[in-house]
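Remarks on the overall topology
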Amino acid sequence: EWSYENVMTKADCIIVNYRYSVLDSYISLMKAMQTKKWLTKVYNPEYDNKILWNKDWFTDYAIERYRGSYDRIKETLLKLGKPYMVVKYEDFFNPNIDKRKYLSESLSATGVFDTTETEKLLSNYKPKTIKQSKPRKFYEDCFSNPEEFKKNYHEIKHLTTYAY
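Report follows, based on the coordinates.

Taken as a whole, this structure holds six salt bridges when the rule is applied. The salt bridge involving K79 is made with E5; its shortest N-O contact spans 2.8 Å. Taken together, the positions of K79 in helix α3 (residues 55–80) and E5 in helix α1 (residues 4–8) put the pair 74 residues apart, joining distant regions of the chain. Judged by relative accessible area, which is 59%, K79 ranks as exposed. A salt bridge links E148 to K151, with the shortest nitrogen-to-oxygen separation between them at 3.6 Å. Residue E148 and its partner K151 are both found in helix α7 (residues 146–156); the two are separated by three residues, about one turn of the helix.

Here the focus is the pairing of strand β2 (residues 84–88). Taking every second residue as pointing to the same face, the buried face of β2 carries M85 and V87, while none of Y84, V86 and K88 on the other face is buried. Of the strand pairs in this sheet, strand β1 (residues 14–18) and β2 are connected by five bridges, and their pairing is parallel. Residue pairing in the sheet places I14 in a bridge with Y84 of β2.

This part covers the nonpolar core. Ranked by size, the top nonpolar core spans 25 residues in total, and within it V22, W53, F58, Y66, Y70 and F143 carry the most contacts. Of all elements in the fold, only β1, α2 (22–35), α3 and α7 reach the threshold of two or more residues within this core. Examining the composition of this core, we find that seven residues originate from one element, α3, more than from any other. Setting aside chain neighbours within four positions, we find F143 in contact with I27, K50, I51, L52, W53 and F149.

The next point concerns α7. Buried within α7 we find F149, N152 and I156. Viewed end-on, α7 has its buried residues packed into an arc of 80°, placing them on one side of the element. Turned more than 90 degrees away from the buried face of α7, the exposed residues are E147, K151 and H154. Buried-residue contacts for α7 involve α2 and α3.

To continue, consider the packing of α3 against α7. Running from amino to carboxyl end, α3 crosses α7 at an angle of 30°, the nearest separation of the two axes being 11 Å. Overall, the two elements α3 and α7 adopt an arrangement that is roughly parallel. The two elements α3 and α7 cross, and the hand of that crossing is right-handed. Taken together, the residues of α7 that come into contact with α3 (itself represented by K55, F58 and T59) are N152, E155 and I156. Grouping the constituent residues of the contact of α3 with α7 by class yields two nonpolar, two polar and two charged.

One can find R19 in the loop between β1 and α2. Nearest to the buried, unbridged R19 among oppositely charged side chains is E90, at 4.6 Å. At 3.2 Å, the side chain of R19 and the backbone oxygen of D24 are in polar contact. Only 3.3 Å separates the side chain of R19 from the side chain of Y89, close enough to count as a polar contact.

Position of V86 among the secondary structure elements: in strand β2. Along the primary structure V86 and T110 are separated by 24 residues, whereas in three dimensions their C-alpha atoms are 10.0 Å apart. Sequence-distant contacts of V86, defined by excluding residues within four places in its chain, comprise V16, Y18, Y102 and Y164.

Procedures and definitions
Residues numbered from 1 in each chain as written. Predicted model: local features only at pLDDT ≥ 70, side-chain atom pairs only at ≥ 80, totals over all residues. Heavy atoms only, no water. Salt bridge = Lys/Arg side-chain N within 4 Å of Asp/Glu carboxyl O. Helix = DSSP H or I, 4+ residues; strand = E, 2+ residues; numbered from the N terminus. Buried < 20%, exposed > 50% of the residue type's maximum accessible area, 1.4 Å probe, protein only. Pairing = 2+ DSSP bridges. Core = buried A, V, L, I, M, F, W, Y, C linked by side-chain atoms within 4.5 Å. Contact = heavy atoms within 4.5 Å. Arc of directions from axis to C-beta. Axes fitted to C-alpha atoms, helices over the stretch in contact; angles between N-to-C directions. Parallel < 35°, antiparallel > 145°, perpendicular 65-115°, else oblique. Left-handed = near helix turned anticlockwise from the far one by under 90°. Nonpolar A, V, L, I, M, F, W, Y, C, P; charged D, E, K, R; others polar. Lys, Arg positive; Asp, Glu negative; His and termini not counted. Polar contact = N/O pair within 3.5 Å; in protein donor to acceptor, adjacent residues only side chain to side chain.

Here you go:
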């Protein structure tokens with residue numbers, strides 16, 4: 001049976017990858033579902049097509065799927081007492097961040113690996129995927145019904161971010 005606990009008990013160290021922006025995560029998921037592209041090595045302009053905004057879908061995603069998943073991860077980590085590190089998407093994909101150094105320092109901080117081990121592990125690290133979405137000025141630019149999004153924003157703003 002699949003569970004966070006069953007998976008985590010098998011690992012020496014847990015890497016928790018998350019996005020601070022729940023709204024960006026939702027937009028990315030909706031675009032991936034629309035284009036059927038979850039991971040790619042080539043930019044696909046279709047990925048930047050507008051998606052339909054639906055407040056109920058976002059609210060369910062933010063509360064049940066996103067926050068709920070990370071809350072269960074936190075509970076399981078506390079229960080098991082496993083060493084872990086957190087990789088925040090917004091930090092990791094910051095163009096001014098040395099990704100190898102970021103990962104090396106984070107892994108070393110867990111106490112499971114020393115710096116020489118992490119440098120060896122990461123020596124061949126070369127990203128093989130390409131970020132699909134292009135920069136945008138406003139969130140509503142992602143949606144085919146931007147007025148609906150702007151109308152709903154004050155009701156969902158508190159759900160748009162999550163700090164692990």
